[in-house]
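Take a look at the letters that make up each chain.
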Amino acid sequence: MKSIQQIINEKLKLANVIDYNEYIIFEALEDSTVGFYTHTNNIKLEYSYNCKDWYDWYETKQFADIEIKKGNCLYVRGFNKEFTTKGKYNTFETRGKIKLYGNIMSLLYGNNTKDKRILTSDDCFKYLFEESPGLYDASNLILPAEKLTNRCYHSMFKNCINLVKGPKVLPAQKLKERCYSFMFYGCESLEEAPDLIATETESDCCRRMFKNCEKLNKKPIIDFDISNNHDCFEMFKNCPCEYK
């Protein structure tokens, strides 16, 4: 039987292979739309249908929704020192049925994501896909950061009610204040959750992370003790796996 660490290492190896993907990819499993809502004028985002011809999302569409026909993909990349700052959040909204994959760091570094594994700003991807009903599968979305910041993934997929598969693994070993809090809160269709490699917790880092995930029957691999750990308050509250 494989040890917990062997399983985690296999998932990390898979993540490393995909890590070099240069873009965020929205694949339409049925006719779908992708929108972007920003509270700041400083975001630089580009989109493409073929990875060759790139267009500035704001200049061409004022961040209006983009339609994707079934079977087609929308490629997105960004060039940003930071993606979100406290009080000025940026959110993708999808409708239809979307498979999401690629490297999240491409929103910061464009097509230069190799070896980019450090987040530098608080709240970096907070609320990024919150209440995005079109998200169905994010199992090949890579969140490669090994050094986190406060609230970096807070509420990232909160209330994505049709999300069935989350990313495979969260590789950071030392967690930060509320970094994963509410990350999958209210994802009532979620069946596959990411494994956590962390060994150190901090300040509500996993607070209500999976609360109200009504179809999560199996806990992900977690390499730290969540029992009587205030940093993990109600981490699996109202999940079928809560008492397993």
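Details of the structure are given in the entry above.
Let me sum up the structure you'll find in this document.

The rules behind the values
- Within every chain, residues take consecutive numbers counted from 1 along the sequence as written.
- Two thresholds apply to this predicted model, a pLDDT of at least 70 for residue-level local features and 80 or more for giving and counting side-chain atom pairs, whereas whole-chain, interface and lining totals are computed over all residues.
- As a rule here, side-chain values cover all heavy atoms of the structure and leave hydrogens and water aside.
- Secondary structure elements follow DSSP: runs of H or I of four or more residues count as helices, runs of E of two or more count as strands, with numbering from the N terminus.
- Relative accessible area decides the class of each residue, using a 1.4 Å probe on protein chains only: under 20% of the type maximum gives buried, over 50% gives exposed, and in between gives partly exposed.
- Any two residues whose heavy atoms approach within 4.5 Å at even a single point are treated as in contact.
- Two N or O atoms count as a polar contact when they lie within 3.5 Å, although within protein this holds only if one can serve as hydrogen donor and the other as acceptor, and sequence-adjacent residues are included solely when both atoms are side-chain atoms.
- At least two DSSP bridges between two strands are required for those strands to pair.

### Quick notes on the overall build of the protein
Looking only at helices and strands, the protein has 3 helices and 11 strands in total. Starting at the N terminus, the α and β elements of the protein follow one another as α-β-β-β-β-α-β-β-β-β-α-β-β-β. Per-residue burial for the protein yields a buried fraction of 53% across its 244 residues. Long-range contacts, defined as pairs at least 24 residues apart, comprise 82% of the intrachain contacts of the protein with a sequence gap of at least 6.

### Some details on the side chain of K126
Within the element layout of this structure, K126 appears in the loop between α3 (106-109) and β9 (135-142). Within the structure, K126 has its side chain in polar contact with the side chain of Y89 (distance 3.5 Å). The contact partners of K126, leaving out residues within four places of it in the chain, are T84, Y89, N90, R151, C152 and H154.

### A closer look at the pairing of β9
Counting buried residues along β9, 6 of its 8 residues qualify, which places the element largely inside the surrounding structure. Bridge analysis of strand β8 (residues 98-103) against β9 gives 5 bridges, and the strand direction is parallel. From the neighbouring strand, N103 faces β9, where its bridge partner is I142.

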